[in-house]
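# A structural walkthrough
Here is what each chain is made of, one letter per residue.
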Amino acid sequence: MRSLKERANQFLAHLTDKERVALHNELLAVNQIVALNQQTSFYAFGLLRKGRRPHYLEEQKRVLQYRNGLNEELIIHQIHRQHLFKHTYSFRVYFDLVEMDPSFIDILLERLQGHRSTDEWSPKLA
């Protein structure tokens, strides 16, 4: 079984330059949101002050999906649930439909920021 770093390197090696730039920008945004909201919950009573009826159950999901030339797939789910006044956030990372540790995002970001030249990303074929 390959390590997270090896998986990240192989996944990034088979993306186009345009996809790598888009992934880098998305991961920066995701990393910032996760840093603020990872597994947090809070109560908001602003709707009562405004005189509006709160939504009793609402779920917002943001899904980022990237597929490389080897048909490997990276899926990132950001879920915001609102139940009455309580808000919760959760975050899931899947690579080839296997749930990964959130540190996989940090490894991908590290690799994207560390390797700027395109010749370093040439695919290594066996």
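Since the model is a prediction, treat every value here as computed from it, not as a measurement.

The predicted coordinates of low-pLDDT regions are not to be read in fine detail. Across the chain, pLDDT averages 78, with 74% of residues at or above 70. When mean pLDDT is taken per element in the chain, strand β5 (residues 98-100) scores highest with 92 and helix α3 (residues 46-50) scores lowest with 52.

To continue, consider helix α2 (residues 17-37). For α2, with 21 residues, the first-to-last C-alpha span of 30 Å sits near the 30 Å given by 1.5 Å per residue. Those residues of α2 lying buried are Arg20, Leu23, His24, Leu27, Val30, Val34 and Asn37.

By the definition in use, this model includes five salt bridges. Here Arg62 ties to Glu26 by a salt bridge, and the two come within 2.6 Å at their closest N and O atoms. One end of the pair, Arg62, is in strand β2 (residues 57-67); the other, Glu26, is in helix α2, and 36 residues separate them in sequence. Look at Arg62 and you get partly exposed, because its relative accessible area is 34%. Its relative accessible area of 23% is what places Glu26 among the partly exposed residues. Between Arg67 and Glu73 there is a salt bridge, with its nearest N and O atoms 3.0 Å apart.

Rules of the game
- Residues numbered from 1 in each chain as written.
- Predicted model: local features only at pLDDT ≥ 70, side-chain atom pairs only at ≥ 80, totals over all residues.
- Heavy atoms only, no water.
- pLDDT = per-residue confidence, 0-100.
- Helix = DSSP H or I, 4+ residues; strand = E, 2+ residues; numbered from the N terminus.
- Expected span 1.5 Å × (residues − 1).
- Buried < 20%, exposed > 50% of the residue type's maximum accessible area, 1.4 Å probe, protein only.
- Salt bridge = Lys/Arg side-chain N within 4 Å of Asp/Glu carboxyl O.

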